[in-house]
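Read off the chains here:
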Amino acid sequence: MIGREQHKLLPFKQAPEEHEALDAIADACEQGLLQRSTWVLQCFSTVAIFDEFIENLAEYDEYARIHDRWHQALMQLGDTVNEEGFVTSSEIAERLVGCARETGQIDSQ
């Protein structure tokens, strides 16, 4: 779980439930602790855990809703100022992966 120890993030060591990850990401964004160029490994201890989060996120709106607080944090990480194309959970997941690739956090595939 992402936690703060003297303002230090502790990344998830296993795939979290989506709502847990989204709450933690939103909290860290609100506190200014995440950097767009490094957030993947700030939040997740491995790229494989990030990948699992993204897979689950892509299907999230099939059974739940991404509320505004989470959406604002994800927009920040996705370097998105316009909600167009950043509405469904699959669009959000796709944009986050694209940004992670653009910033060199994950391999281009």
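Structural data are supplied above this passage.
The present account deals with the structure reproduced in this document.

Conventions adopted
- Residues numbered from 1 in each chain as written.
- Predicted model: local features only at pLDDT ≥ 70, side-chain atom pairs only at ≥ 80, totals over all residues.
- Heavy atoms only, no water.
- Helix = DSSP H or I, 4+ residues; strand = E, 2+ residues; numbered from the N terminus.
- Patch = residues over 30% accessible without salt bridge, like charges linked within 9 Å, V, L, I, M, F, W, Y side chains within 5 Å.
- Areas by Shrake-Rupley, 256 points an atom, 1.4 Å probe, with all protein chains shown as cover.
- Salt bridge = Lys/Arg side-chain N within 4 Å of Asp/Glu carboxyl O.
- Lys, Arg positive; Asp, Glu negative; His and termini not counted.
- Charge placed at Lys NZ, Arg CZ, Asp CG, Glu CD.
- Buried < 20%, exposed > 50% of the residue type's maximum accessible area, 1.4 Å probe, protein only.
- Expected span 1.5 Å × (residues − 1).
- Arc of directions from axis to C-beta.
- Contact = heavy atoms within 4.5 Å.
- Axes fitted to C-alpha atoms, helices over the stretch in contact; angles between N-to-C directions.
- Parallel < 35°, antiparallel > 145°, perpendicular 65-115°, else oblique.
- Left-handed = near helix turned anticlockwise from the far one by under 90°.
- Nonpolar A, V, L, I, M, F, W, Y, C, P; charged D, E, K, R; others polar.
- Core = buried A, V, L, I, M, F, W, Y, C linked by side-chain atoms within 4.5 Å.

Structural notes on unusual backbone geometry
Residues other than glycine seldom take positive phi values, yet Asp-79 does so here, at roughly 50°. Take Asp-79: it is sitting in the loop between α4 (68-77) and α5 (89-102).

Topic: a negative patch on the surface
A cluster of acidic residues, Asp-51, Glu-52, Glu-55, Glu-59, Asp-61 and Glu-62, forms a negative patch on the protein surface. With respect to the secondary-structure elements, Glu-55 resides in helix α3 (residues 47-58).

Remarks on the pattern of salt bridges
Evaluated as defined, the whole model comprises five salt bridges. Its salt-bridge partner being Asp-79, residue Arg-36 comes within 3.5 Å of it at the nearest N-O pair. Taken together, the residues span a long stretch of sequence, with Arg-36 in the loop between α1 (18-30) and α2 (39-43) and Asp-79 in the loop between α4 and α5 at a distance of 43 residues. Overall, Asp-79 belongs to the partly exposed group, its relative accessible area being 45%. One network of salt bridges, with partners in common, ties together Asp-23, Glu-30 and Arg-69.

Let's talk about α5
In a regular helix each residue adds 1.5 Å, so 14 residues correspond to 20 Å; α5 covers 20 Å between its end C-alpha atoms and thus fits that length. Buried residues of α5: Ser-89, Ile-92, Ala-93, Leu-96, Val-97, Cys-99 and Ala-100, and no others. What you see down the axis of α5 is that its buried residues fit within an arc of 165°, all on one side. Away from its buried face by more than 90 degrees, α5 exposes Glu-94 and Glu-102. Buried-residue contacts for α5 involve α2, α3 and α4. Count one or two residues on from α5 and you reach Gly-104, which has phi positive near 75°.

Quick word on the packing of α1 against α4
Their axes nearest at 9 Å, the elements α1 and α4 cross at an angle of 65°. Between α1 and α4, the angle is such that the two are roughly perpendicular. The handedness of the crossing between α1 and α4 is left-handed. Across the interface between the two elements, His-19, Leu-22, Asp-23, Ile-25, Ala-26, Asp-27, Cys-29 and Glu-30 from α1 touch Arg-69, Trp-70, Ala-73, Leu-74, Gln-76 and Leu-77 from α4. Looking at the contact of α1 with α4 residue by residue, the classes come out as eight nonpolar, two polar and four charged.

With respect to the nonpolar core
Within the largest apolar cluster, 34 residues are counted, with the highest numbers of intra-cluster contacts made by Ile-25, Leu-34, Trp-39, Phe-44, Phe-50 and Leu-57. Among the elements that make up this core, the one with the highest residue count is α1 (seven residues).

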